[in-house]
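Chain by chain, the residues run as shown.
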Amino acid sequence: MVHRRRAVHALAALSAATFCYVTTEVLPIGLLTLIAPDLGRSRSEAGLLVTGYAAVVMVVALPLTRVTRRVPRRPLLAGALGVFAAATAVSAFATSYEVLLAARLVSATTNGVFWAVVFPVAISMFPPNIRGRIVARLSIGNALGPVLGVPLGTWLGGQAGWRAAFVAMAIFGFVTCVAVALLLPSVTPQQSAGDVGPMPDRHRFVVLLIATILAVTGAMGAFTYMTVFLLDVSGFAAASLGLLLFVQGSFGVAGTWAAGRFLDRFPLGVVLVLLGFLTAAMLGLYGVGASKVLTIPLLAVAGMSFSSLIAGIQHRVMQVAPSTTEMASASLSVAFNFGLAAGSFIGAGLLATAGVRVIPLFGGLLTAVAIALLAGHEMSRKRGSDHKPDHSSWSVRQTHSRDAGKPQATSVQT
C-alpha cells in the first residue's frame, strides 16, 4: 500500500485527469456555433466531433484494454494523457475540419484505456475498507467537467475564439500528464486489476451494465436538451440558463462527495436510491416543469443523483467484476458512451416529433425500468436456494485472487 501523502496527491492528479477527459470530450457542444462557420461546416457536422468521439470509445475500449494489460500503469496513464494533450493541441491549430476530427478521434482512442485503468489504479493505493470513498473522490473530477470545465471553455471560446479553449485544455492536459508521471507510484497490472472483483458475479455484472445503459440513455436524453426544456416549458429567460445549469452541476459535485460516505457500506443500496431520486426528478420535471419555483429544486436533484450515480455504478461494477476490474471498467465505459449516444439520438427524435416536454418523461421511465431490473434481479436471487449474502465492503476478498495472501495496510483517510 502506498504512503498516505503520496497516495492522496496521486489521487488528486488522477481526478484532475478525469476532469480533462470529461471537459474535452463534450467541449465542442458549447463551441459549435464558433467551430462550424470557422471551418465551413454545418452545426450538425460539427456535432460529429462529439458523436464520433463516443463511437470510437465504444469500439476501442475493450480491445485496447486487453492489449495493454501487461503495461505498467504509471507509464500507461501518463502516456495516455500525453497523447490526449498532444491531440488536443493539434485540435487547437487544425486548419480543416478533417484534421480536427482526426485529432479528436486520436484523443478518443486514449479515452477508453484511461477510464478502464484509472479507477482500479486509484483504489489499489488505498485499503479495501474505504475504496467506495476513493471512487467518489476520483469522480469529483468527472462532476466538475460539466459544471466548471465546459462553461469556462465556452466562455473562453467566446472571448478569444474556439481554438483558445482547446489550447487551454491541451496545456492543462500536459500539466496533468507530468503530475501523474511524478506522483503516481509504480503500479503493476496485477496490483491494479487483480483476477476478479472481490465479489465476482457474471449475472450481476451483466444486469448492472444493462441498467447502466437504460439509466444513461434516459438521463442524457433529458440533459442534452435541458436548456430547450427550461426555455420552452419552464419559461426561464435565456440569461438565467447559465445559473440554472450551474445549480444542476454544483449539486452533482456535492452529491458525489456525499455518496462516498455510504458506498462502502451500502454499494447496491446507494445505486438504487440514486436511481430513485433521478427517476422522481425527471418525472417531476415532466409533471410540474412549467413551474419555475418547482423546476429549480428538481433540476438540483437530477444533477445530484446522476453525478453520484456514476460513482456508485463504477464502484459496484468493480465489486462484481467477473474478469479483471480493468476489463469491467472498460465495459462500463462502453455502456456509458452507448447510453450517451443513444440518449442524445432518441432525445433529438422526440424533440422533433413529440416536443421537448416529453423528453424527461422518457428519461424517467427508462430509469424506472433500470430500478426494476436491478431490484428484481436481487430479489430473485434472494429467493433462490443457492443465494449467497452480498457483502457491502471491499474488505472481503476472494481467496483465489492473485493478491489474496498479501498483507493489507492500515486505513488511509482522505
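Keep in mind that this is a model prediction, so the values were computed, not measured. Per chain, residues are indexed from 1 in the order of the written sequence. pLDDT decides what is reported in this predicted model: residues at 70 or higher carry local features, side-chain atom pairs at 80 or more are listed and counted, and totals for whole chains, interfaces and linings draw on all residues regardless. Side-chain metrics in this entry use all non-hydrogen atoms of the structure; hydrogen atoms and water are not considered.

## Focus on the overall build of the chain
- Check the secondary structure of the chain and you find 14 helices and 0 strands.
- Along the chain, helices (α) and strands (β) appear in the sequence α-α-α-α-α-α-α-α-α-α-α-α-α-α when read from the amino end.
- Counting the 414 residues in the chain, one finds 54% classified as buried.
- Considering only contacts in the chain between residues 6 or more positions apart, those separated by 24 or more positions represent 87%.
- In this description, accessible areas are obtained by the Shrake-Rupley approach with a 1.4 Å probe, and a residue is regarded as covered only by the protein chains that are shown. Of the accessible surface of the chain, which amounts to about 16,700 Å², a share of 69% is contributed by carbon and sulfur atoms. A run of H or I in DSSP becomes a helix once it reaches four residues, and a run of E becomes a strand once it reaches two; helices and strands are each numbered from the N terminus. Remark: exposure states derive from per-residue accessible area (1.4 Å probe, protein chains only) relative to the maximum for the residue type, with buried under 20%, exposed over 50%, and partly exposed in between. Two residues form a contact once any of their heavy atoms are found within 4.5 Å.

## What to know about the confidence of the model for the chain
- Per-residue confidence from the predictor is reported as pLDDT, which spans 0 to 100. Residues with a pLDDT of 70 or more make up 89% of the chain, whose mean pLDDT is 84.
- The least confident element of the chain is helix α7 (residues 189–193), whose mean pLDDT is 56; the most confident is helix α11 (residues 267–288), at 95.
- With pLDDT under 50 throughout, residues 391–414 is counted as low confidence; its partners more than four residues away or in other chains account for 58 contacts.

## Looking at the nonpolar core
- Remark: nonpolar core denotes a set of buried residues (Ala, Val, Leu, Ile, Met, Phe, Trp, Tyr, Cys) joined through side-chain atoms within 4.5 Å. One finds L14, Y21, I35, L77, V118 and L184 to be the most contacted residues of the largest nonpolar core, which totals 54 residues.
- Where this core is concerned, the elements lending two or more residues are α1 (4–38), α2 (43–67), α3 (73–92), α4 (97–124), α5 (131–160), α6 (162–183) and α12 (292–320).
- Aside from chain neighbours lying at most four places away, what touches L77 is L14, F114, V117, V118, V121, V180 and L184.
- Residues V216, A219, L275 and V356 belong to the second largest nonpolar core, which totals 50 residues.

## Focus: a nonpolar patch on the surface
- Side chains of V288, V293 and L294 sit close together on the surface and give an oily, nonpolar patch of about 250 Å² of accessible area.
- Its place among the elements puts V288 in helix α11.
- Classification of V288 by relative accessible area gives partly exposed; the value is 34%. What goes into a patch is any residue over 30% in relative accessible area without a salt bridge, connected to like charges within 9 Å or, for nonpolar side chains (Val, Leu, Ile, Met, Phe, Trp, Tyr), within 5 Å. Counted as salt bridges are all cases of a side-chain nitrogen of Lys or Arg within 4 Å of a carboxyl oxygen of Asp or Glu.

## Side note on the pattern of salt bridges
- Under the counting rule described, the total for this entry stands at 5 salt bridges.
- E326 is paired through a salt bridge with R73; the nearest N and O atoms lie 2.4 Å apart. Taken together, the positions of E326 in helix α13 (residues 325–353) and R73 in helix α3 put the pair 253 residues apart, joining distant regions of the chain. Accessibility assignment for this pair places E326 and R73 in one class, buried.
- Close ionic contact of R204 with D201 constitutes a salt bridge, the shortest N to O distance being 3.7 Å. As far as burial versus exposure is concerned, R204 and D201 are alike and both buried.
- Where salt bridges share partners, they join D201, R204, E378 and R381 into one cluster.

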